[in-house]
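Now for the letters of each chain:
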Amino acid sequence: MKLGLVLEGGASRTVFSCGVMDVLLEENIIADMIIGTSAGIAFGVSYASLQRERNMHLAAEYMGDKRYMGIKHILNPKNKSYYNMQFVYDDVPNIHLPFDWNAFENFKGDVIGVCTNVKTGKAEYLPVSRTDRTLPVLRASCALPILFPFINIDGKNYLDGGISDSIPYKYALNHGCDKVIVVLTRERGYVKHTGKSVKLAERIYRKYPELVKALASRADNYNNQIKELRTLERDGKAFVIEPITTMGVKRTEGKPSRLLPLYQHGLSVARDNIDALKSYLSV
């Protein structure tokens with residue numbers, strides 16, 4: 001059996017998924033493919049390196065740090081991003097909260113970040129390098145429209161993978177995974193709508209018509225993915241774990257007092273579902 005772990009993005013809301021992944025590590029449930037969008041894969045690499053509670057410490061100690069994110073970082077001409085790129089993708093993993101590169105390099109499975117090609121508007125599924133400590137794929141997958149500049153990898157510009165493939169379960173199923181655990185960051189029943197920020201993004205990126213099309217169709221595509229995922233769930237082809245509540249956490253939330261309860265909720269929901277998950281994996 002080849003097991004896929006599929007991780008939806010959601011920026012700060014993805015701390016829920018961190019709790020889920022820590023329970024998977026507790027239970028020694030290790031996927032053969034880890035594929036995620038945006039913060040899903042950014043947090044998912046700590047699961048691949050088997051660093052239980054690393055993401056919890058990130059939420060508790062660094063996401064609320066003024067060096068981590070804020071408007072001032074967008075205004076910095078050397079950064080131009082809501083996140084402080086140097087601090088988030090270099091200082092934290094390599095100095096303050098060390099990422100275990102050796103364990104990550106030794107992980108036997110595939111680790112894939114979903115990124116949106118700005119020119120084509122299509123999803124690209126890029127392997128996360130085991131040796132490049134600048135983490136370009138994570139930067140690209142997490143590059144939220146408006147809040148990030150384009151991220152260039154090998155001559156191509158990318159933005160947030162969630163624009164083109166919010167929940168990449170199809171990729172996992174089409175690339176050899178017999179079973180998939182899908183971790184969502186929205187409650188059951190959530191319906192995505194095209195918000196004002198999307199309309200603004202469409203104006204900003206008007207020189208990139210395929211990207212604009214992807215932004216315009218994102219909500220419908222997401223809602224269709226959820227419908228299909230529910231069918232896969234009913235048919236026993238996917239196991240879905242999702243929050244009962246997101247506790248009002250917004251995508252740029254940094255306060256530990258808001259983030260840690262959502263992380264604990266992830267632990268609780270995963271533990272409540274662990275017997276059913278083991279049954280799903282055993283069939």
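Above this text sits the structure in question.
Residues numbered from 1 in each chain as written. Predicted model: local features only at pLDDT ≥ 70, side-chain atom pairs only at ≥ 80, totals over all residues. Heavy atoms only, no water.

(A) Structural context of the state of the cysteines. Under the definition given, this model contains zero disulfides. The closest cysteine sulfur to the non-disulfide-bonded Cys18 is located on Cys142, 11 Å from its own sulfur. In this structure Cys18 comes out as buried when scored by relative accessible area, which is 1%. (Disulfide = S-S within 2.5 Å. Buried < 20%, exposed > 50% of the residue type's maximum accessible area, 1.4 Å probe, protein only.)

(B) Inspection of the pairing of strand E2 (residues 33–37) at higher detail. E2 sits mainly inside the fold: five of its five residues count as buried. Alternating positions in E2 separate into two faces, Met33, Ile35 and Thr37 on one and Ile34 and Gly36 on the other, with burial throughout. Relative to E2, strand E1 (residues 3–7) is paired through four bridges, and the arrangement is parallel. Considered in E2, the bridge of Leu5 is made with Ile34. A crossover links E1 with its parallel partner E2, the connecting element being helix H1 (residues 15–26), and its sense is right-handed. Inspection of the sheet shows E2 paired to strand E3 (residues 110–117) by five bridges, in the parallel sense. Paired with Met33 across the strands is Asp110, a residue of E3. (Helix = DSSP H or I, 4+ residues; strand = E, 2+ residues; numbered from the N terminus. Pairing = 2+ DSSP bridges. Right-handed = clockwise from strand over helix to strand, strands pointing away.)

(C) Structural context of unusual backbone geometry. Positive phi outside glycine occurs at Glu53, with the angle close to 75°. Following the sequence through the fold, Glu53 ends up in the loop between helix H2 (39–48) and helix H3 (54–61). We classify Glu53 as partly exposed; its relative accessible area is 28%. With phi around 55°, Met247 is a residue other than glycine that occupies positive phi space. Take Met247: it is sitting in the loop between strand E8 (239–241) and helix H11 (256–282).

(D) Just the side chain of Asp91, in detail. Looking at the secondary structure, you find Asp91 in helix H5 (residues 85–96). One buried charged residue, Asp91, remains without a salt bridge, the closest side chain of opposite sign being Arg67 at 6.4 Å. Those residues within four positions of Asp91 in sequence are excluded, and the remaining contacts are Gln86 and His96. (Lys, Arg positive; Asp, Glu negative; His and termini not counted. Salt bridge = Lys/Arg side-chain N within 4 Å of Asp/Glu carboxyl O. Contact = heavy atoms within 4.5 Å.)

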